[in-house]
Each structure stands twice: as structure tokens, then as C-alpha cells.
Amino acid sequence: MIYLDNSATTKPYDEVLHAFSQVATRFFANPSSLHSLGAEAEKVLTQARRQTAALLGAEESEVIFTSGGTEGNNLAVKGSALARKHHGKHIITSKIEHPSVLESIKQLKEHFDFDVTYLQPDEYGMITIEKVEEAIRPDTILVSIMHINNEVGTIQPIEQIGEMLASYPKIAFHVDAVQGAGKVPLPLKHIDLCTISGHKFHGLKGCGALYMKKGVKLLPMLSGGEQEMQARSGTESAALAASMAKALRMSTERYKSNREKMNRQKHFLLNGLANMDTVQINTPAGQSAGHIINFSVPGTEAEVLLRMLEQEEIYVSTTSACSSKRKRSSTVLLAMGKSGSVASSSIRVSLSYDTEDKDLERFLAVLEASVKKLVKLAR
Ligand SMILES: Cc1ncc(COP(=O)(O)O)c(C=O)c1O
């Protein structure tokens, strides 16, 4: 099996599964319970928070454990906008955000009268600092821009946007770093809210974290026992938190020792794809993450190609996992100015630190043969 769908989800590391089962068995008590078993579970939770904070470059009190990227983005976007609505009701985001951001903002627009500016990316999927600054109004209270685009891999100039926004203290800056965590470092200095998700870096599904800078206010989405700095109620899972901290530490370490290999593999794939006449590469070679490569075979159907690869036990995806079942053209590619046939025939290949060179050689060989067959059929 050749698994090249690591942006949809990753295989949990064995050490992560081990940490989960150890903690879930030994520290099963409710971390809020007053007895000693509760105190022990709380200690493990605190340690996981400390480790996660240290890996992100944050303080312990700035890490809120969540159930994943979707929840983190909902909490950051809706929670911060609703907490700030007395200062203004204008939000800036881009057309290429993940649905968990776009749909949250749509809810704010449709049900709470917020006004939204959707920034158009350039042909490389990039949102420029100038575009963000031009869109700022006196009533802007939130800017939400992702770090790495999940479909094409473009890295946004988050640090520069953050520096620029630092002179607008009324505006909260949220970054969806779900695709970047453990793969592309991101200093949090000028970021107010930042979402990560455990299953994207070999942790388990059902855990994530939201970085919330000290002093930033959020209206909680889940009300109840006021766990997680009163921002996210619900009994915490020390086991999920500990296993995610482990996954983040392992991924961060593997980034250091594997980043060059991953970049080399990305360029190997890009070169291989560039040699196929009928293939159009959508990922910008320069300003993009090492693990995501997106291409199209115009005139063919992405799902047919995906199935042909699957028959050879090669697993990739069409656009992003969340929208691929809906069989729509990629809105990200359309926003980048690509044609309808490019947007409806796109395939995303996403690597992990475990991807081997021979997997990619085989992938290119099978792809070339499959594309030839498909193009012949389409004629
Ligand atoms: C950029 C981005 N944000 C958010 C999410 C949602 O994360 P989760 O699957 O943990 O809910 C994803 C998942 O694909 C993503 O790629």
C-alpha cells in the first residue's frame, strides 16, 4: 500500500497509541474531581498542556484542548467575533479557507449581521499583506487567514500579516495552522488565535488545540463546567491530550531530521509531473509546503483517476477530504483563476515523513500509465 493522503489524515504513531492506552487506563479519573485520582489525571493534563505550549512557543495558560481543527476554528472565529461585536462587525478572510472557517463566518454573516470581506488569492494561491491591509476598516474586528492551504500547499505570509496587524489592536488575528503544525514552523508572536489538529500530525482523531493569546477574549461555544480556561467546557481527556503532545513532539523532531528529504521528494514529484504532457501542476513550486502537491489532468475526471490509482493500492485524494465527497470543483483552484476543467480534475498527493522514495517512483509510473489510458478514453 502506498498512502499519499496525509493531508486528509495521518496514521497515528505507535508511541502515540501506546501513550493513549497507558494514560487512558491509569489516569481515567475526571481531572476536575477533588480526590487524589482526579488530581493525578489533572497532573497528566497539565503536563500535556505544558509540553504542547512549549512546542508551540506559547504559555501553558494559552493552550485550550479541543476536539480538533473544526472545533478550534469554530471557537476561534465565532467566539472572538461575538466577544468583540461591540467594537465592530467586519471580518476579513480569504476565499480559500477551510470550510470550518468559511461556514463559521457565513453563520456570523447570516445570523448575526456581520459584514465580510473575502480576499482573492493570486494565481499561486497567495494572500498578500497589501490585500489584507487594504481591506481593513474602522469596524474590522477579526482577520482569519490560514497558514498552509490544504489543497495546493501555498504558505501564506503569516508573520508579515501579523506584524502589520500589530498596529491595529482592535483586530484579532486567527490562523488556521492545521496543515502546518509539525511540518512548517510558525512563530506565534503576532497571532492571537491559532488552530491545530492532532490527527494531521500522527495523533488521534478527536483531539486538537487552540492557542489563545493571553488577554484575548472568546465567547465559549460549549457552555458548562468552565474547563479549559472557561473557553471550552466538557470533561477533558488526559489521554487524548497526552497522546497529542507526544505526536506534536515526535513530528516536530522528525521535521528537523526529515525536512530536506521531504523537500527533495516534493521536487522529485514536481519534476516527474512536469514531464507528463497532459498534467498541469497547481502547487506553486516556491512558496509551498513540502508535503502537498496538487495537479490536474484537464478533460478527465479526478475520481476516475483516483480509482485507477486505488486499484494499484495507491491512495490520494481529489481536492480536500471534506469536500471531495460532494463532487464539486475545487473552489480553491477556481479562486486562483484556474479553468473549470482544471478545477474539476485535480488530485492532491500529500506526503508524510515516512514516505519513501520508491513509493513516489512507483506512484509516478502508475500515474503516467493511468493518465495515458484515461486521455485515450477521453478522446
Ligand atoms: C486547513 C484545515 N483546517 C481545518 C481542518 C479541519 O480539521 P479536523 O479534521 O481536525 O476537524 C482541516 C482538515 O482537513 C484542514 O485541512
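Please refer to the structure placed before this passage.
Residues numbered from 1 in each chain as written. Predicted model: local features only at pLDDT ≥ 70, side-chain atom pairs only at ≥ 80, totals over all residues. Heavy atoms only, no water.

Caption draft 1: Up close: helix 8 (residues 302-311). For helix 8, the complete set of buried residues consists of Ala 302, Leu 305, Leu 306, Met 308 and Leu 309. Summarising the axial view, the buried residues of helix 8 lie within an arc of 160°, below the 170-degree limit, and thus occupy one face. Of the surrounding secondary structure, the elements contacted by the buried residues of helix 8 are strand 10 (292-296), strand 11 (314-315), strand 12 (317-318), strand 13 (346-350) and helix 12 (357-378). Note on helix 8: the residue one or two positions beyond its end, Glu 313, has a positive phi of about 60°. (Buried < 20%, exposed > 50% of the residue type's maximum accessible area, 1.4 Å probe, protein only. Helix = DSSP H or I, 4+ residues; strand = E, 2+ residues; numbered from the N terminus. Arc of directions from axis to C-beta. Contact = heavy atoms within 4.5 Å.)

Caption draft 2: Fine view of the nonpolar core. Counting 89 residues, the largest nonpolar core has Phe 295 and Phe 363 as the members making the most contacts within it. At 15 residues, the largest contribution of residues to this core is made by helix 7 (residues 238-274). Two domains each put at least three residues into this core: domain 1 (2-8 + 258-378) and domain 2 (14-249). Setting aside its immediate chain neighbours within four residues, Phe 363 contacts Leu 4, Leu 269, Phe 295, Leu 309, Ile 314, Val 316 and Val 349. (Core = buried A, V, L, I, M, F, W, Y, C linked by side-chain atoms within 4.5 Å. Domains from an automatic or database assignment.)

Caption draft 3: Inspection of the pairing of strand 8 (residues 208-212) at higher detail. Among the five residues of strand 8, five are classified as buried, and the element is accordingly described as predominantly covered. The side-chain alternation of strand 8 yields two buried faces, one formed by Gly 208, Leu 210 and Met 212 and the other by Ala 209 and Tyr 211. Bridge count between strand 2 (residues 63-66) and strand 8: four bridges; the pairing is antiparallel. When the sheet's bridge partners are listed, Ile 64 is paired in strand 8 with Leu 210. (Pairing = 2+ DSSP bridges.)

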